[in-house]
Amino acid sequence: MEERLVRYTKEHKQETRQRIVERAGRRLKRDGIDGSGVATLMKDAGLTNGTFYAYFASKDELVATAVADQMRAQHESIVAQAAPGRAGLEQLIRWYFSTEQRDNVEDGCPNAALLDEIGRSTDPTRQAYTDGALVLIDGFAARLAPHDPSSARLKALGLLGMMAGTLQLSRALTDRQLADQLLEQGIHNALALLDAEQHG
């Protein structure tokens, strides 16, 4: 009985920690790292501010963990699910530049939502981002050059940067028509990059 209780307590604590991380990831993407205080992040998870330190040593630790979780989730739910080869990359590009993905910041790409702040964040947060980004670009590279993915890694990183920057710009524009046209142009530019890679 006692062993089962201990296991339940550990499992419950792990589930609660994961809930904090997932909710924090959504809030960070919406309000930014600097715009999201510990009290708000804990409230989102349905917990009191005072329980924070039972799960994390600092806000920086939570941010690094949430960034890693967001990058992992994007890879597992989007990149890993895409078809192989160029068709899969085109599928990813069209999803990425959709108005739904652009307008739903909380559930959208962590790159476009947080990249500028991650660049000014702590080393652990930047490392968590880097590790996640490398997994994403390896998924891109495997579709760009199936027989030699490592040869396409830098091209894949450039593609990710172009996509995130275009999405950020589209989110920032107040002219909705222009913002939508920019997404269409983003699809065109990304597909042109893929074609240049195949013919290069």
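For the structure itself, consult the block above.
Fair warning: this is a prediction, and the values are worked out from it, not measured in the lab. (Residues numbered from 1 in each chain as written. Predicted model: local features only at pLDDT ≥ 70, side-chain atom pairs only at ≥ 80, totals over all residues. Heavy atoms only, no water.)

A.B. asks: What is the right way to read the packing of aromatic side chains from this model?
C.D. replies: Centre distance and the angle of the planes are the two values used to describe a pair of aromatic rings. Summed over the entire model, instances satisfying the criterion amount to 4 aromatic pairs. Through successive ring pairs, a cluster of aromatic residues spans Phe52, Tyr53 and Phe56. Across from the ring centre of Tyr55, 5.7 Å away, lies the NZ or CZ of Lys13, which sits over that ring. (Phe/Tyr/Trp six-rings, centres within 6.5 Å; stacked < 30°, edge-to-face > 60°. Lys NZ or Arg CZ within 6 Å of the ring centre and 35° of its normal.)

A.B. asks: In this structure, what is going on with the pattern of salt bridges? I would like to understand it.
C.D. replies: If the charged atoms of two oppositely charged side chains come close together, the side chains can form a pair. A complete count under the given rule lists 18 salt bridges for this structure. A salt bridge links Glu106 to Arg30; the shortest N-O distance between them is 2.2 Å. Highlighted residues: Glu106 in the loop between α5 (99-103) and α6 (110-118) and Arg30 in helix α1 (residues 2-31), separated in sequence by 76 residues. By relative accessible area, Glu106 is classed as buried at 17%. A salt bridge links Arg102 to Asp103; the shortest N-O distance between them is 2.7 Å. Taking the relative accessible area as the measure of exposure, Arg102 reaches 3% and is therefore buried. For Asp103, a relative accessible area of 41% puts it in the partly exposed group. Because the salt bridges share partners, they merge into one network encompassing Arg26, Arg27, Arg30, Asp31, Asp44, Glu106 and Asp107. (Salt bridge = Lys/Arg side-chain N within 4 Å of Asp/Glu carboxyl O. Helix = DSSP H or I, 4+ residues; strand = E, 2+ residues; numbered from the N terminus. Buried < 20%, exposed > 50% of the residue type's maximum accessible area, 1.4 Å probe, protein only.)

A.B. asks: For this particular structure, what's the right way to read the side chain of Thr166?
C.D. replies: Along the chain, the position of Thr166 falls in helix α8 (residues 153-172). In terms of polar contacts, Thr166 uses its side chain to reach the backbone carbonyl oxygen of Met162, at 2.8 Å. (Polar contact = N/O pair within 3.5 Å; in protein donor to acceptor, adjacent residues only side chain to side chain.)

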